[in-house]
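Coordinates in review
Residue strings, one per chain:
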Amino acid sequence: MSVMSVGRLIEKTEDTLVVDQELLSLIDELRYRVEDELESRHFLSLSDEEAPYYSPSAPLFGDEVQDKLGELQFDIEEAGKCLALNRHTACVFHLMRIIERVVQLVGGKLGVESPNEKEWNAIVCQTRSKVNGMAKNDPQRDQYAAILNHLDGVRMAWRNPTMHVRGKYTGEEAEDIFSHVRSFMRELVKVI
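Reference entry: report on the structure contained in this document.

Reading the values: the criteria
Residues numbered from 1 in each chain as written. Predicted model: local features only at pLDDT ≥ 70, side-chain atom pairs only at ≥ 80, totals over all residues. Heavy atoms only, no water. Axes fitted to C-alpha atoms, helices over the stretch in contact; angles between N-to-C directions. Helix = DSSP H or I, 4+ residues; strand = E, 2+ residues; numbered from the N terminus. Parallel < 35°, antiparallel > 145°, perpendicular 65-115°, else oblique. Left-handed = near helix turned anticlockwise from the far one by under 90°. Contact = heavy atoms within 4.5 Å. Nonpolar A, V, L, I, M, F, W, Y, C, P; charged D, E, K, R; others polar. Buried < 20%, exposed > 50% of the residue type's maximum accessible area, 1.4 Å probe, protein only. Lys, Arg positive; Asp, Glu negative; His and termini not counted. Salt bridge = Lys/Arg side-chain N within 4 Å of Asp/Glu carboxyl O. Patch = residues over 30% accessible without salt bridge, like charges linked within 9 Å, V, L, I, M, F, W, Y side chains within 5 Å. Areas by Shrake-Rupley, 256 points an atom, 1.4 Å probe, with all protein chains shown as cover.

1. Thoughts on the packing of helix α6 (residues 88-109) against helix α9 (residues 171-191)
- Relative to each other, α6 and α9 sit at 20 degrees, their axes nearing to 9 Å. Taken together, the axis directions place α6 and α9 in an arrangement best described as roughly parallel. Crossing angle aside, the handedness with which α6 passes α9 is left-handed. For the pair formed by α6 and α9, the contact residues are His88, Cys91, Val92, Leu95, Met96, Ile98, Ile99, Val102, Val106 and Lys109 on the first element and Gly171, Ala174, Ile177, Phe178, Val181, Phe184, Met185, Leu188 and Val191 on the second.
- Residue composition of the contact of α6 with α9, grouped by class: 16 nonpolar, 2 polar and 1 charged.

Pasting the structure below:
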């Protein structure tokens, strides 16, 4: 509607150089239409620090994570948006979905049968058995043992409180967890 009012205003100004009552009425009409349209919308404002999480110029977890684990981009992007919009617990929820998928991927990579159909702890226990069955001098054994230890720490510190509605997070906590998960994912893609 505002655009239509602007069109009428332009037409009127093309016809005359004199400001008359009709022109003033058109200007008032435009102002009221813009005000009405603005009142029917809600706007959110992001700080310079928040905006890159909402509309990143590069993948939030880096190119290598995006290239190797593109299926996780939805939750990575949603975690970023939630962080930008101060939805801290929702941010952590999406981060835990990312980590849960990592548990399934690692389990599948090491031969756990049907990891997508099992719960986190069952996958980790079966994966740990596979790692313990690796040769002691296999360099991947230590890498996967470290990954599993990390995942177990995430489960206890953040996953269980988030998924079982025992925790809620502040902005600082969510940002710390976001950074932690991002760093972990950047290291993980070097192994899997």
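2. Thoughts on the side chain of Glu50
- Relative to the helices and strands, Glu50 resides in the loop between α2 (21-39) and α3 (51-54).
- Buried within the structure, Glu50 lacks any salt-bridge partner; its nearest side chain of opposite charge belongs to Arg87, at an N-O separation of 11 Å.
- When sequence neighbours within four positions are dropped, the list of residues in contact with Glu50 reads Ser45, Ala84 and Asn86.

3. Some points on a nonpolar patch on the surface
- On the surface, Val34, Leu38 and Phe43 cluster together into a nonpolar patch covering about 300 Å² of accessible area.
- Relative to the elements of secondary structure, Val34 occurs in helix α2.

4. Side note on the pattern of salt bridges
- Across all of its chains, the model carries 8 salt bridges by this definition.
- Between Arg159 and Glu100 there is a salt bridge, with its nearest N and O atoms 3.3 Å apart. Residue Arg159 is located in helix α8 (residues 139-163), and its partner Glu100 is located in helix α6; the two are separated by 59 residues in the primary sequence. The same class applies to Arg159 and to Glu100, which are both buried.

Without other data, these values stay purely geometric and don't point to any function.
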